[in-house]
Amino acid sequence: MSQFSVEDEAEVQSLLRQLLRSVKERISGAPSVECAEEILLHLEETDKNFHNYEFVKYLRHYVESTLGAVIEEETESCATGDGHAIGSAQDTLVHVVTRRTRESAQYKQMMQALKQTMMVIVESLLNKFEEDQLKKEEMNQKSPHEQFSSHYTDNCSDSDSSFNQSYAFIRQEQLQVISEKLDPSRPKEVRWEALQLLCCAPPSDVLSCENWSGLHRNLSAALSDPDPDLSDKVLRFFAKTFSSSPLNVTREMYTSLGNPFIYSCIFFLDFFLIYGHIEWTLDLIINALSSQMRLMNDFQKEVTTFWIRHPEKYMEEIIESTLGLLSVRPEHGSVKSLEPVHLLSLLDIQATWFKKWMHGYYSRTVVLRLLERKYKSMIVAAVQQCIYYYESCDPGREDTLEITQAMEHQQIGPAQRNCYSAKELEYTHFVHSVCLLGRLLMYTNGRKLFPIKVRKRRDPVTLTNLVVILISIMYQRPNTSYHTFMHACVDSLSPAVLVMEVLRQLCERTGCAVECIYQVPVVEALLVPILRTPGGLTHIADTLARIATTECGLALFLYERKLISAEGEGMTAAHIIVRFAQALLAKELPACAELEDSAAVKGAFIFVCRQMYNTGAGLQVLGPYGLHECIAQAWRKVTSLLPAPPTPGCGVGSTSSLSERVPTPVPGEVLLDNLLNFAATPKGLLLLQQTGAIQECVTYMFSRFTQKLQVWSRCEKFGYGVMVTQVAATAPGIMALRSSGFIQAMVVELWSVLECGREDVRVVHPKSTPMDPVDKSCVKSFLTLVNLLSSAHAVWELLCHQVLPNKSEYSLREMPTSVIDVMDRLVVINSDAKIHSLFNYEQSHTFGLRLLSVMCCSLDSLLLLESQYKLSDILLQSQEDNAIESSSGDRGFIIDGLSVERHHLLVRMSVTGGPSERSLPPRSLQKGDDPYPWPMFSTYPLPSCYVLDAAKTHHTKQGKRLLLNHRGPDAIRSTRDPQQRYGLFLKLLKEDSEQDLCNLLRHTQEFLSQQRLKLQSDLRILCYLQRGYPGHDWFASTVFLLLCGDADRSLSLLLRFSRLLTSAFLWQPRIYASVHLPLEIAQSGVPPLYSCTAHYVEMLLKAEVPLVSSAFRMSGFTPSQMCMQWLGQCFWNYLDWSEICHYVATCIIMGPDYQVYMCVSVLKHLQRDILQHAQTQDLQVFLKEEPIRGYRVSDYLDYMEALEHSYRAMVLTDMESISPKRNT
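Remember, it's a predicted structure, so these values are computed and weren't measured experimentally.

Draft legend 1. Spatial organisation of the overall build of the protein chain. Per the secondary structure count, the protein chain includes 68 helices and six strands. Sorting the 1224 residues of the protein chain into buried and exposed places 56% on the buried side. Within the protein chain, residue pairs in contact and separated by at least 24 positions form 74% of the contacts whose partners lie at least 6 positions apart. With an accessible surface of roughly 54,800 Å², the protein chain has 52% of that area assigned to carbon and sulfur atoms.

As structure tokens, then:
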């Protein structure tokens, strides 16, 4: 088919003419021939129907039939020769086939034939065009009238000349004649004929005519003519001009449409005078003005996309014309008047045009300036309409829902509704006003327009007044269906939903919320349904929850006491809300239509309380109400009637697709979800554990995790990371995580990314060698494990008395499922079988060593791991295996990633001291001849360069085997080595002080064991280790060093110190399972250091150093875990000895609450580093591995005293409530 026949040429010519007719509007609007050519060249990019044109289909078929065989041959040839290029080199294959096809003889022949044929067709079209032009000139000489009639038609003709007309240029003389015929004094028929001719002319020619001003004036007159035919023709011309003309021209058209004179004879009419009391029959008005207003509204919504490219004066004229039109008001002052805004409300009920104009700063500035200076009456009218609707509200009527349902589906036009009742028009105006005011209040200059003076009100309407009115409308006209508190409304135009959307937007912006929402009258208005008249409760609860999510809103709820309760006493909003929530849970409220199905209302108000009790300050206020017990009891009642939900699986197949629809929760799940959120704070986690539902809550959290679901909340923007870390800090929490399958799932996911990779990804190229010690694909799993194992309590529960499998053979398909498996396969690699079982030995073992390094930063965890698994011996043996001897007899080590990691870890485990007392070797090589100048070792003692003082320390292999199980003098003696070495380094102890330290630890253990409860528990720290505190007594060791190794003085001091309140928080073994603790706290497994000290550290940190608090939250880590480690080991390895002494002395002299203040001051000192490492996503690793550099207690005493002045009454009172009783 390379050659065209005569029939083919005729067909192509017909198809080409059809294509040009289809794009006639685009071409005729071009200002020049070059622009028309450019439009045709880029037609495929701009016309969505390009591939549906018959001419394009014909050409495609012609190319496929001509070159199809060539393309198939070239494709097969390339695929056979380069089969490996099919994967990632697909683009290369396409380019090669395309190039070879274009070089083929068939392609050149096809192009030659196509070019010749198209030249013939184009020449034929040009000849026909010239013939038509000659005929028109002859007709023009006969009669101008006949010339116009033949050249222009009302509708485009299907004749051959119709295509040519789009390229014809209208002369100035012809436009002059048309302008004269459009004069209002001419007969209707003449004007109508002139408009027909004008509509068929190219807009570019019309707009560039010399007499445009006169023509424009006559068009405006025709637009206001009562004859709908004339105005419709003008609108058609305007619509054509809008789509093809620059802004400097369309603005004139738009201002003509918006001329208030057009409406003056129609809109200043009283509804009752014309249409009576029943309804308005808008037939004539709709027919005359609906198209005109719709055209204006369409232009309003589209003009924002291009007016920024033009001078600001054009935009200002458009905006001023619109605001002027909408500011038109009747002179006789009647309230019931039909105005332009009513018709605009019918067409754009939610004020989309105004939202778009206010979105960009470029236009928003002009709008607000004009509203302030000239058109404030438009805002006054919107406020007046809201007040009118509020005052006319009759809570007993149910017509609002019917109106909103009707208006949601309304359309205006000849075939749609053209009859609206007065109530419908008033309601559309109200909806339009609410949407407009809601957008206006979002911006500072918009809020500056208030207060506003309105009719029939003595005082101006302030921002607070307006918001209160809107809230009152919301609960007076709820008119919605309540399915769940998450999906409260179906009707998008109901008053409650409209006001809710405005309140939501205001709550999301701090500036708006402070000025509009965080005001006592607003909160009082929100609490009215709770105190007196229930109505719109779910909407009220939603707004209250959004307020409580911000610092200012939460402070308003917790501390503002100007509110009046139902009993007449002043109290805070938090007290009112929690009492109402308790009454809902206990079903103590009087009967109410909305409370018949109270599940949604219960969930909504518990959610408000949740926004308060998941913060430290909120829990402080709500704690006395025992809301956790109320929710737990309600949950048990609900679940007793339902089958228990299955525990989710832990394998890969347990996760569901993200595309699956999330089912609507049953009330039991709502209660469980809110109960789970008590775990957001340390004290809240203690309360959750005391309810006995921690296992069910964690299982529920894991079930949502397996479905890839985030926290179930409209206000919270983070997942479960922080909550998981908070739960993992305690023994009962980590056991619940293990029982739920969460830890197993984390380990399986880790192994998948570390060893297996994703099974659903087709491997085309081998995986690149990781450049980082922990590959980016494994960072998330690494940080998750760090968070889980950060606490010594978690390590005790998961690893204590756990034996490594140490199998003789490992299957390649055998995946770890627990932490002990991770230790066996990745950390303690002491056999060839373990090495051969790893696909990526170096990367996987490096991962394990990094994890071990972070775990060993907790000295209690280090003691456990060392005593059970002899880590030092294994690491030293691995270094020995890496040793080499040169020909000269010198001994050295192979420097690689693993040997450097092991060396760093050995030094970290063996040397004790603060930032200026020990030096840890780096984990990276340096440039130069000696890339790693730090001496390695495979036996003790360590090289002295890692101890910054010249004092020598003695190391023996036996001294490194630290035992944790305290069952005799030998076991105690073996734990003294780090303290003995540290004391020798500080020159505080003598070589023979070892026995004195052992005796001190034995006596303190015997003394404390007499004051411990005998508890029955599934927790290892309470069941398997009944003989004593599971960790080392770091405070006793610190006192021993303070008194220079005098065991008798140390014991005497400890016995007398045990009588003080401070001993409960500085001396961890003192309070462990003590008889002086309340039974529920003693058997909870949650130490007071966590539930009290760490709790207040987080609370004060959020108030005093909010950036640091936010950095922790975004990192998925908690300050409480870090403080537990610092305080549990008395800042050993984090501060120098002098600062440790200052810490102990400060807390004893100033009070135990200074423990809280010091932790806050340390975190404040580290603020810059914390923010930096939060961005690099290694905050947990930095805080645990790095010492606290540059911190001096004396530098922060003034800061701690300021914290004492603000918080001592609260912190110290709470400490006293859980402290041991004084001994007599």
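Draft legend 2. Quick look at helix H62 (residues 1106–1115). Buried within H62 we find Val1108, Ser1109, Ala1111, Phe1112 and Ser1115. The buried residues of H62 occupy an angular sector of 160° when the element is viewed end-on, so they sit on one face. Away from its buried face by more than 90 degrees, H62 exposes Leu1107 and Met1114. Elements in contact with the buried residues of H62: helix H61 (1088–1104), helix H63 (1119–1128), helix H65 (1154–1165), helix H66 (1167–1175) and helix H67 (1179–1185).

Draft legend 3. Fine view of the packing of helix H56 (residues 1034–1042) against helix H64 (residues 1137–1150). Following both chains from N to C, one finds H56 and H64 inclined at 110°, their axes separated by 11 Å at the closest point. Classified by the angle between their axes, H56 and H64 sit roughly perpendicular to one another. The segment H56 lies against H64, with Phe1035, Thr1038, Leu1041 and Leu1042 engaging Trp1137, Ile1140, Cys1141 and Val1144.

Draft legend 4. View of the packing of H65 against helix H68 (residues 1197–1218). For the pair H65 and H68, the least separation of the axes is 8 Å and the interaxial angle reads 135°. One finds that H65 runs oblique with respect to H68. Like other packed secondary-structure pairs, H65 and H68 cross with a definite hand, here right-handed. Contacts between H65 and H68 pair Tyr1154, Val1156, Tyr1157, Met1158, Val1160, Ser1161 and Lys1164 from the former with Tyr1199, Met1200, Glu1201, Leu1203, Glu1204, Tyr1207, Arg1208, Val1211 and Met1215 from the latter. Of the residues in the contact of H65 with H68, the class split is eleven nonpolar, one polar and four charged.

Draft legend 5. View of a nonpolar patch on the surface. Side chains of Leu1060, Ile1148, Ile1149 and Met1150 sit close together on the surface and give an oily, nonpolar patch of about 340 Å² of accessible area. Position of Met1150 among the secondary structure elements: in helix H64.

Draft legend 6. Layout of the nonpolar core. Ranked by size, the top nonpolar core spans 338 residues in total, and within it Phe605, Leu737, Leu788 and Leu799 carry the most contacts. With 23 residues, the next largest nonpolar core counts Val12, Leu43, Phe50 and Ile121 among its residues.

Draft legend 7. Up close: the environment of Thr1176. Here Thr1176 lies in the loop between H66 and H67. Here His1173 takes part through its backbone oxygen, which lies 3.2 Å from a polar atom of the side chain of Thr1176.

Draft legend 8. Representation of the pattern of salt bridges in the model. The full count for this structure, using the stated rule, is 22 salt bridges. The partner of Glu316 in a salt bridge is Arg369, and the shortest N-O contact between them spans 3.2 Å. With Glu316 in helix H19 (residues 312–326) and Arg369 in helix H22 (residues 361–373), this residue pair connects regions lying 53 residues apart in the sequence. Across the salt bridge formed by Lys1102 and Glu551, the nearest N and O atoms sit 3.5 Å from each other. Separated by 551 residues along the polypeptide, Lys1102 in helix H61 and Glu551 in helix H32 (residues 551–559) bring together distant segments of the chain. Residues joined by salt bridges that share partners form a network here, namely Arg850, Glu901, Arg923 and Glu1185.

Draft legend 9. Geometry of the confidence of the model for the protein chain. Residues at a pLDDT of 70 or more form 79% of the protein chain, whose mean pLDDT is 80. Note on residues 82–90: pLDDT is under 50 here. Beyond four places in sequence and across chains, it has four contacts.

Draft legend 10. Here's a closer look at the side chain of Ser837. As for its position among the elements, Ser837 is in the loop between helix H46 (832–836) and helix H47 (841–855). Separated by 2.7 Å, the side chain of Ser837 and the backbone oxygen of Lys834 make a polar contact. Those residues within four positions of Ser837 in sequence are excluded, and the remaining contacts are Glu755, Tyr810, Leu812 and Arg825.

Draft legend 11. Looking closely at a negative patch on the surface. Residues Glu991, Asp992, Asp996 and Asp1048 make up a contiguous surface patch of negative charge. By the secondary structure assignment, Asp996 is in helix H54 (residues 994–1009).

Draft legend 12. Structural view of helix H31 (residues 537–548). Here H31 is twelve residues long and its end C-alpha atoms lie 16 Å apart, about the 16 Å a rise of 1.5 Å per residue gives. Counting buried positions over the twelve residues of H31 gives twelve, a clear majority of the element. Those residues of H31 not exposed but buried are Leu537, Thr538, His539, Ile540, Ala541, Asp542, Thr543, Leu544, Ala545, Arg546, Ile547 and Ala548.

Draft legend 13. Quick look at unusual backbone geometry. Going from Phe450 to Pro451, the amide bond is cis rather than trans, its omega being 0°. Along the chain, Pro451 falls in the loop between helix H26 (444–447) and helix H27 (463–476). For His801, which is not a glycine, the phi torsion comes out positive at approximately 65°. With respect to the helices, strands and loops of the structure, His801 is situated in the loop between helix H44 (792–799) and helix H45 (819–827). The exposure class assigned to His801 is partly exposed, which follows from its relative accessible area of 49%. Phi is positive for Phe1131, close to 60°, though the residue is something other than glycine.

Draft legend 14. Here's a closer look at the environment of Thr1062. Inspection of the secondary structure puts Thr1062 in the loop between helix H57 (1047–1057) and helix H58 (1063–1066). Setting aside residues no more than four positions away along its own chain, Thr1062 makes contact with Phe1057, Cys1147, Ile1148, Gly1151 and Pro1152.

Draft legend 15. Expanded view of the state of the cysteines. Inspection of every chain in the model, using the stated rule, returns zero disulfides. Lacking any disulfide linkage, Cys435 is separated from the closest cysteine sulfur, that of Cys386, by 9.7 Å. On the basis of relative accessible area, Cys435 is assigned to the buried category, the value being 10%.

Cut-offs applied
- Residues numbered from 1 in each chain as written.
- Predicted model: local features only at pLDDT ≥ 70, side-chain atom pairs only at ≥ 80, totals over all residues.
- Heavy atoms only, no water.
- Helix = DSSP H or I, 4+ residues; strand = E, 2+ residues; numbered from the N terminus.
- Buried < 20%, exposed > 50% of the residue type's maximum accessible area, 1.4 Å probe, protein only.
- Contact = heavy atoms within 4.5 Å.
- Areas by Shrake-Rupley, 256 points an atom, 1.4 Å probe, with all protein chains shown as cover.
- Arc of directions from axis to C-beta.
- Axes fitted to C-alpha atoms, helices over the stretch in contact; angles between N-to-C directions.
- Parallel < 35°, antiparallel > 145°, perpendicular 65-115°, else oblique.
- Left-handed = near helix turned anticlockwise from the far one by under 90°.
- Nonpolar A, V, L, I, M, F, W, Y, C, P; charged D, E, K, R; others polar.
- Patch = residues over 30% accessible without salt bridge, like charges linked within 9 Å, V, L, I, M, F, W, Y side chains within 5 Å.
- Salt bridge = Lys/Arg side-chain N within 4 Å of Asp/Glu carboxyl O.
- Core = buried A, V, L, I, M, F, W, Y, C linked by side-chain atoms within 4.5 Å.
- Polar contact = N/O pair within 3.5 Å; in protein donor to acceptor, adjacent residues only side chain to side chain.
- pLDDT = per-residue confidence, 0-100.
- Lys, Arg positive; Asp, Glu negative; His and termini not counted.
- Charge placed at Lys NZ, Arg CZ, Asp CG, Glu CD.
- Expected span 1.5 Å × (residues − 1).
- Disulfide = S-S within 2.5 Å.

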